[in-house]
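Structure assessment
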Amino acid sequence: MADKKKTSSRKEEARSFAFLTIVMAPVLAGILIAAYGFIVWFYQMFSGPPHA
């Protein structure tokens, strides 16, 4: 029974790691980039475009 629990837990850990690295990391990176772009856009609405 202990071996089955260890195998099950190892599979769950591998599945969780794959989900975090393949799905969540890119999604969070995209959200961060989009949020930064929105903040810059919103700031430029009030302060005007950057001056050269």
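In this text, all values refer to a predicted model and were calculated from it rather than measured experimentally. Think of each chain on its own: its residues are numbered from 1, step by step along the sequence as written. Totals for whole chains, interfaces and linings use every residue, but because this is a predicted model, local features are given only for residues with pLDDT of at least 70 and side-chain atom pairs only at 80 or more, for both listing and counting. Derived side-chain values reflect all non-hydrogen atoms in the structure, with water molecules and hydrogen atoms excluded from consideration.

**A closer look at the overall build of the protein**
Short version of the rule: Runs of E in the DSSP output that reach at least two residues are strands. Runs of H or I that reach at least four are helices, and both are numbered from the N terminus. Each radius of gyration reported is based on C-alpha atoms, and the globular scaling rule is 2.2 Å times the count of residues to the power 0.38. Throughout, exposure labels follow a simple rule: accessible area from a 1.4 Å probe, protein chains only, divided by the maximum for the residue type, with under 20% read as buried, over 50% as exposed, and the rest as partly exposed.
Of regular secondary structure, the protein possesses 1 helix and 0 strands. Over its C-alpha trace the protein gives a radius of gyration of 21 Å, far above what one expects of a compact globule, namely 10 Å for 52 residues. If one aligns the C-alpha atoms of the protein with their principal axes, the spans along those axes are about 70 × 15 × 10 Å. Across the 52 residues of the protein, 0% fall into the buried class.

**Focus: a nonpolar patch on the surface**
Heads up, the rule is: Residues enter patches when they are more than 30% accessible in relative terms and free of salt bridges; like-charged ones are connected within 9 Å and nonpolar ones (Val, Leu, Ile, Met, Phe, Trp, Tyr) within 5 Å. We get accessible surface area from the Shrake-Rupley algorithm with a probe of 1.4 Å; when it comes to residues, only the shown protein chains can shield them. The working definition used for a salt bridge is a side-chain nitrogen of Lys or Arg within 4 Å of a carboxyl oxygen of Asp or Glu.
Together, Phe19, Leu20, Ile22, Val23, Val27, Leu28 and Ile31 make up a nonpolar patch on the protein surface, roughly 660 Å² of accessible area in all. Inspection of the secondary structure assignment puts Ile22 in helix α1 (residues 2-47). A relative accessible area of 61% places Ile22 in the exposed class.

**Section: the packing of aromatic side chains**
Rules: Centres within 6.5 Å are what make two rings of Phe, Tyr or Trp a pair, Trp counting through its six-membered ring; a difference in plane orientation under 30 degrees is then read as stacked, over 60 as edge-to-face, and the rest as tilted.
In total, this model carries 4 aromatic pairs according to the counting rule given. An aromatic cluster is present here, built from Phe38, Trp41, Phe42 and Phe46 joined pairwise through their rings.

**Considering the UniProt feature "transmembrane region" (unreviewed entry) in the protein**
Applied cut-off: UniProt positions are given in the numbering used here, feature names are shortened, and annotations may be inferred rather than shown by experiment.
The UniProt entry lists residues 20-43 under the feature "transmembrane region" (unreviewed entry), expressed in the numbering used here. With 100% helix and 0% strand, residues 20-43 has its two end C-alpha atoms placed 32 Å apart.

**Things to note about the environment of Phe17**
Tracing the sequence through the fold places Phe17 in helix α1. Between the C-alpha atoms of Phe17 and Thr7, which are 10 residues apart in sequence, the distance is 15 Å.

**What about the environment of Ala25?**
By secondary structure assignment, the location of Ala25 is in helix α1. As a C-alpha pair, Ala25 and Gln44 span 19 residues in sequence and 29 Å in three-dimensional space.

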